[in-house]
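# Chains, contacts and geometry: an overview
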Amino acid sequence: MSRAIRRIYVEDEVADHPRTARIVSRFPRAEVISCGRYGEVFNRRGQDFRLQKRRPALILARKHRGRVLETPAGYGIGGERNYYFSHMLNCVYDCRYCFLQGMFRSANYVLFVNYEDFLDDIDATLARVGESWFFSGYDCDSLAFEPITRFADTFLPFFAERPRAWLELRTKSVQARALTEREPIPNCVVAFSFTPEAVHGELERGVPSVRRRIEVAADLQRRGWKIGLRFDPLLHTESYRADYGELFEQVFAAVDPRALHSISLGVFRLPKSYFERAWRLYPEEPLFAGPQSEHDGMISLPARDERDLFDFCRDQLGRWVSSEVFHLCSAPASR
Amino acid sequence: MTRIVCALPAEARPIVAHLGLEPAGPRLYRGDGVELIVSGVGPARARAAVERAAPAEGREPRAWINVGIAGHRDAEIGSPRLAYKIVDAASGRAWYPPATFAPPCPGAEVRTVLDVERAFAGDELFEMEAAGFYPAALRCASAELVQVLKIVSDGRVERAERLSAAGVSELIEGNLPVLEALRRELDALAAELAARTAVPDGFDDFLKCWHFTVTQSRQLERLLRRLATLGRPAGPRGFDGAKSAAAVLAGLRGRI
Ligand code: SF4
């Protein structure tokens, strides 16, 4: 994981923001470069995500609009009204299956420092529609960059005072200090994503080990935090039965299944244009070279593999968790 | 392959000598993996030089470097700077060359002006080509491969008028190691891009045996690359009975 940021682009509009000053001071060796709008640096045509991933820069910007958005259909864990928000674009980790590499042309990290505007918009959404879920970690990992962003540090006290606003932090990180240093918040779910060790070793660069993440999830659970488990994406390997079987054993040896908030499963799926871009970036990656099926503009595993894998994992998880905990099964479309 | 664009013959001379480049046309030099173009002064000439060279771009990714002198109010004469921001003073447009490698020298904002700068109000470098060179080169290469390297030649004390051609060459010569380090980094990036887009083994052999349309040849290339990734490289031998390119493609798909 590259946390040694050597270039920081600062939008003129946030140059005097106190959060900008604090973050810039964390990187005394970085070149600090002023820019008009972050789009002048980020996601321009003719940039290469993979080359930029070698040494991503940080861009500090202001998010003007579209701060709180409705989730796509099928995204949620049982709530009726679901929204997502992205205080950051891109991720310090480098998972080969990640949709970000297909969505963005640039691997630079964009951090929107106007957190207070996000919070105002969440308040406005609550006032308009009532009790809702707010998912973070959609275009980034919620906690991986916490020592720099202090995102959770800022958002958790806000949610603590608004019991009708449910927050999901989704992460593959072990950055839990923002959580362990405060009392658990009943309307916050810390959702950890896992793939089996073998997949982790092959496809999740920079991501902390499965064992460390399980330890952190279990520790937070003991401290009273609501924990979610996300097996998303499920990835098909020749030994998927053994791999996933072992993963579930590992997880439930530490995490108490009776105290779990939720589990969700998701199959590997990318919009065709994202898949194409990811394949061009990593043509040597077997994940993109193997058998695929295309349906409604999405690329996924062949339907039979997907179904076998999904059914196997659902059945295995049924050994530990009841169907109420199994809030969401984003089952593959039957075809 | 790297393409270097300099405005002045005096800037080009030490590079030509150091890399052992040979004349290859008017204001054009060529050597092992390098081409150098002398564009003339000003952004319009720099842009035109890139555009003239661009049609010769093949499939192979290339790095582009604009090397030249620049003024700064008080930076040490002879010190190198890699542009992290380029501003066209005339239009206000800005570009931000990404650095996906450890830069061989400090960075700077580079401001492209039409006349020799005398005021040096800010902390920027002032020069006359980058804003013409950069957007034109971006049309030929991924942004990571396009860089601007400037050597401080004048400022408030050392006035530009006093610079001789020999003095300019000396400044560039003193920074050849920086240029070399930059070239190595960019060559490595270009090689990575080239590896991704290389024609897969067997591709030409298939084209010799069957007639593929443009679309079919793209499909062929893609299938061969996927099969190679899966450790199942394919050649025309296994398709002896195939009557058409479509049949070959169907056979290759079946192997995935
Ligand atoms: S942790 Fe999540 S957001 Fe980050 S690279 Fe992996 S899949 Fe993408």
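Criteria and cut-off values
- Starting afresh in each chain, residues are numbered from 1 along the sequence in its written order.
- Chains and ligands are labelled sequentially in the order written, the chains with letters from A and the ligands with numbers from 1.
- For a predicted model such as this one, the threshold for reporting local features is a pLDDT of at least 70, and the threshold for listing and counting side-chain atom pairs is 80 or more; totals across whole chains, interfaces and linings nevertheless cover every residue.
- In computing side-chain values, all of the structure's heavy atoms are included and hydrogens and water are not.
- Helix and strand definitions follow DSSP, with helices as H or I runs of at least four residues and strands as E runs of at least two, each counted in order from the N terminus.
- Radius of gyration: C-alpha atoms only; globule rule: 2.2 Å multiplied by the number of residues to the exponent 0.38.
- Residue exposure (1.4 Å probe, protein chains only): buried if accessible area is under 20% of the type maximum, exposed if over 50%, otherwise partly exposed.
- Any pair of residues with heavy atoms lying within 4.5 Å of one another is described as a contacting pair.
- Each accessible area is a Shrake-Rupley result for a 1.4 Å probe, and residues are judged covered by the shown protein chains and nothing else.
- Positive charges come from Lys and Arg alone, negative charges from Asp and Glu alone, with His and the N- and C-terminal ends not counted.
- Working definition for charges: the position is that of NZ of Lys, CZ of Arg, CG of Asp or CD of Glu.
- Axes here mean lines fitted to C-alpha atoms, for a helix over just the part in contact, with angles spanning 0 to 180 degrees between N-to-C directions.
- In these notes the angle categories are as follows: under 35 degrees is roughly parallel, over 145 is roughly antiparallel, 65 to 115 is roughly perpendicular, and the rest is oblique.
- Definitions for this section: a left-handed crossing has its near helix turned counterclockwise from the far helix by less than a right angle. A right-handed crossing has that turn clockwise.
- Only Asp, Glu, Lys and Arg are considered charged in this grouping, and only Ala, Val, Leu, Ile, Met, Phe, Trp, Tyr, Cys and Pro are considered nonpolar; every other residue, Gly among them, is considered polar.
- The way it works is a 1 Å grid over only the protein atoms, where trapped points that fit a 1.4 Å probe form a cavity and open points with protein on both sides within 12 Å along at least five of seven lines form a pocket, and then any residue with an atom within 4 Å of a point lines it.
- Grid points are joined across faces, edges and corners, and a volume is the space filled by probe spheres set on the points.
- Counted as a polar contact is a pair of N or O atoms within 3.5 Å, where, for protein atoms, one must be capable of donating a hydrogen and the other of accepting one, and residues adjacent in sequence contribute only when both atoms are in side chains.
- For any pair of parts, buried area is found by adding up, for both, the accessible area (1.4 Å probe) each one loses once the two are put together.
- Between Lys or Arg on one side and Asp or Glu on the other, a salt bridge is scored when a side-chain nitrogen of the former is within 4 Å of a carboxyl oxygen of the latter.
- Throughout the structure description, domain borders are defined by an automatic or database domain assignment.
- The set of buried Ala, Val, Leu, Ile, Met, Phe, Trp, Tyr and Cys residues whose side-chain atoms join them within 4.5 Å is what this entry labels a nonpolar core.
- Working definition: residue near molecule or strand if any one of its non-hydrogen atoms lies within 4 Å of it.
- For a cavity or pocket, the test is whether more than half of a molecule's atoms lie within 2 Å of its grid points; if they do, the molecule sits there.

### A closer look at the overall build of chain B
Scanning chain B for helices and strands turns up 8 helices and 10 strands. Taken against the 2.2 N^0.38 rule, which gives 18 Å for 256 residues, the C-alpha radius of gyration of chain B at 23 Å runs more than 25% over that of a compact globule. Here the C-alpha coordinates of chain B stretch approximately 80 × 35 × 30 Å along the principal axes. Going through the 256 residues of chain B one by one, you find that 53% of them count as buried. Taking the contacts inside chain B whose residues are at least 6 apart along the sequence as the reference set, 72% of them involve residues at least 24 apart. Per element, the accessible surface of chain B, about 11200 Å² overall, is 52% carbon and sulfur. Put simply, chain B has 33 plus and 32 minus side-chain charges, and the middle of one group is 9 Å from the middle of the other.

### Some details on the packing of helix 1 (residues 9-19) of chain B against helix 4 (residues 165-173) of chain B
Residue and element names in this part refer to chain B. The interhelical angle for the contact between helix 1 and helix 4, taken along N-to-C directions, is 45°, at an axis separation of 8 Å. When the axes of helix 1 and helix 4 are compared, the pair comes out oblique. Our pair here, helix 1 against helix 4, has a crossing hand that is right-handed. Between helix 1 and helix 4, the residues in contact are Ala-10, Glu-11, Arg-13, Pro-14 and Ile-15 and Ala-165, Val-168, Ser-169, Ile-172 and Glu-173, respectively. Tallied by class, the residues present in the contact of helix 1 with helix 4 amount to 6 nonpolar, 1 polar and 3 charged.

### What to know about the layout of surface pockets
Residues and elements named next belong to chain A. Put simply, the largest pocket is a space of about 1200 Å³. Tyr-75, Phe-99, Tyr-138, Arg-170 and Asp-232 are, among the 43 residues lining the largest pocket, the residues nearest its centre. Going through the elements one at a time, helix 2 (49-53), strand 7 (94-95), helix 3 (100-103), strand 10 (165-171), strand 13 (226-234), strand 14 (262-267), strand 15 (269-271) and strand 18 (328-330) are the ones with two or more residues in the lining of the largest pocket. The dominant element in the lining of the largest pocket, judged by the number of residues it contributes, is strand 14, at 4 residues.

### Some remarks on the side chain of Arg213(A)
All names here are of chain A. Relative to the assigned elements, Arg-213 resides in helix 9 (residues 210-222). Taking the relative accessible area as the measure of exposure, Arg-213 reaches 0% and is therefore buried. Among residues more than four places away in sequence, those in contact with Arg-213 are Lys-172, Ser-173, Val-174, Phe-192, Ser-193, Phe-194, His-200, Glu-204, Val-207 and Pro-208.

### What about the environment of Gln250(A)?
Residues and elements named next belong to chain A. Within the secondary structure, Gln-250 is located in helix 10 (residues 240-254). Filtering out sequence-adjacent residues up to four positions away, Gln-250 remains in contact with Glu-197, Val-210 and Ile-214. A polar contact is formed between the side chain of Gln-250 and the side chain of Glu-197, at a distance of 3.1 Å.

### Observations regarding the interface of chain B and chain A
Facing 29 residues of chain B, the contacting portion of chain A comprises 32 residues. Counting the surface lost from both chain B and chain A, the interface buries some 2600 Å², and carbon and sulfur atoms represent 51% of this. Summed over the three residues of chain B that lose the most area to chain A, namely Tyr96(B), Arg196(B) and Arg222(B), the buried surface amounts to 26% of that side. Run the count over chain B and chain A and you get 4 salt bridges. Salt-bridge contacts for Glu192(B) lead to Arg54(A); the nearest nitrogen and oxygen are separated by 2.7 Å. Mapped by element, the contributors of at least two residues to the side of chain B that touches chain A are strand 6 (80-88), strand 7 (94-95), helix 5 (176-197) and helix 7 (214-229) of chain B. Looking at the side of chain B that touches chain A residue by residue, the class counts come to 17 nonpolar, 4 polar and 8 charged.

### Some remarks on the domain arrangement of chain B
Domain annotation for chain B reports domain 1 (2-196) and domain 2 (200-255). Between the C-alpha centres of domain 1 of chain B and domain 2 of chain B the distance comes to 43 Å.

### Digging into the nonpolar core
The biggest cluster of nonpolar side chains holds 115 residues, and the ones touching the most others in it are Leu58(A), Leu60(A), Phe231(A), Tyr244(A) and Ile263(A). Ala46(B), Ala75(B), Cys105(B) and Ala190(B) belong to the second largest nonpolar core, which has 59 residues in total.

### Re the site of the ligand
Residues and elements named next belong to chain A. Residues in close proximity to the ligand include Cys-91, Tyr-93, Asp-94, Cys-95, Tyr-97, Cys-98, Leu-100 and Lys-172, which together make up its full environment. The cavity where the ligand resides is the largest pocket. Classifying every residue of the shell around the ligand by side-chain character gives 6 nonpolar, no polar and 2 charged.

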